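# Observations on the model geometry
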Amino acid sequence: KKNLSTKNMSIAPSVTLAITAKAKKMKGDGEDVISFGAGEPDFKTPENIRRAAIKVIEEGSIGYTAASGLLELKESICEKLKKDNGLSYEPESIVVSCGAKHSLSNALQAICNPGDEVIVPLPYWVSYPELVKMADANPVFVEACEENGFKYSVDDLKAAINENTKALILNSPSNPTGAVYTNDELEEIAKIAVENNIYVISDEIYEKLIYEGKHISIASLGERIKELTIVVNGVSKCYAMTGWRIGYTAANREITRVMENIQSHATSNPNTIAQYASIEALNGDQSILKDMKKAFDERRNFMADRINSIDGVSCTKPAGAFYVMMNIKEILGREIGGVKIENSMDFANYLLDSAKVAVVPGIGFGSEGYVRLSYATSLDNIMEGLERIEKAMDA
Ligand code: PLP
């Protein structure tokens, strides 16, 4: 038998999948499981967007587009970047890909060489370290700890940079912490990036889900940082279009050309129908943005306050996205309901077994002492789920 790829054999399966799979199985067996595992809005894709897709299907011309996406969609993206983010890009600087995850993959493939280091925030979104490794580079974790609002500290960032540092990943608003960087904080990070000549991969996929403060794209803070930044965004989270698989990058022409070439061989264009639907998403009625934000904000307030009313756990109220990191450090090492809780996986398993509540263990994001709860589920579910967690903690 021949060996498989050594590099790719080292790609970790998602730790979060184990719990999610177990919760799904229990649900399938008819058990009344409440899941806080969701990574996507519990809203339908708006009707105008679905209709735009249906129109394309009915007309029937569904061929390839340019590998990097339809010009009309790139123009809509440029308008959006101008209007929302104060960023001026030409369509030649845009690559439309199969979801923001694909955009991140293209970005890392385009800039990394073996031995390069890419700074990743800890806790991290599960795919960042693996995407870095797939690009032959090494992830270097810089803590974005709760005491610092789950954000990078300037000193830690500076200390992590050396001659091998190629890029840093910035994710504001953040998955899994909901942290949103302020203008001043971004100015400092931009300064560090420019001084050290390192790229910034700015993952702005949760841009539209901010409840406190406002979104600023680091690329908008000056020409030099814009040159170094690859802005990653998409329609998945803000328009409830996760399944359509459309994301995009905006970057300098040189990086864009490399990403285009990679994509032209790896996937060709992203799905044509979904591209037309995305044009409608960006140009059509925007009321979903307001509706989702309002619903999420209400749930966020409830969830954060309720968690902080439960003995033994706590949380920092997140400013964006739809996740709360629940701090469980106080209960580690304790026995609850006859079960010894040594780590976040034990706690997640305990909640699922005893209370039928699914949460994602922090270890999946590289951070022990936390579990992540998503509030992309109904307020009723959130109330009931947290009630169950409180009871389970009392056991
Ligand atoms: N970036 C972050 C931080 C995410 O949480 C996600 C999805 O969970 C993505 C990127 C990927 O988005 P998409 O579904 O468009 O690939």
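Refer to the structure presented above.
Residues numbered from 1 in each chain as written. Predicted model: local features only at pLDDT ≥ 70, side-chain atom pairs only at ≥ 80, totals over all residues.

Burial of the side chains of strand 8 (residues 247-250) extends over both faces: G247 and T249 are buried on one face and Y248 and A250 on the other. With 4 bridges connecting them, strand 2 (residues 94-97) and strand 8 associate as antiparallel partners. Among the inter-strand pairings, V96 is bridged to a residue of strand 8, identified as Y248. In the sheet, strand 7 (residues 229-234) pairs with strand 8 via 4 bridges, with the strands oriented antiparallel. Paired with V231 across the bridge in strand 8 is A250. (Buried ≥ 20, exposed ≤ 12 C-beta atoms within 10 Å, placed from the backbone. Helix = DSSP H or I, 4+ residues; strand = E, 2+ residues; numbered from the N terminus. Pairing = 2+ DSSP bridges.)

Strand order across the open sheet formed by 4 strands is 9-10-15-14, with antiparallel pairing between neighbours. Each edge of the sheet is formed by a strand with only one pairing partner; in this case those strands are strand 9 (314-315) and strand 14 (360-361). Across 2 bridges, strand 14 lies against strand 15 (residues 370-374) in antiparallel orientation. Counterpart to P361 in the pairing with strand 15 is V371.

In the contact formed by helix 3 (residues 47-59) and helix 11 (residues 272-283), the axes pass within 8 Å of each other and the chain directions differ by 140°. Judged by the angle between their axes, helix 3 and helix 11 are oblique. Seen from above, helix 3 lies across helix 11 with right-handed handedness. Facing helix 3, whose interface residues are N48, I49, A52, A53, V56 and I57, helix 11 presents I273, Y276, A277, E280 and A281. Of the residues that constitute the contact of helix 3 with helix 11, the class distribution is 9 nonpolar, 1 polar and 1 charged. (Axes fitted to C-alpha atoms, helices over the stretch in contact; angles between N-to-C directions. Parallel < 35°, antiparallel > 145°, perpendicular 65-115°, else oblique. Left-handed = near helix turned anticlockwise from the far one by under 90°. Contact = placed C-beta atoms within 7 Å. Nonpolar A, V, L, I, M, F, W, Y, C, P; charged D, E, K, R; others polar.)

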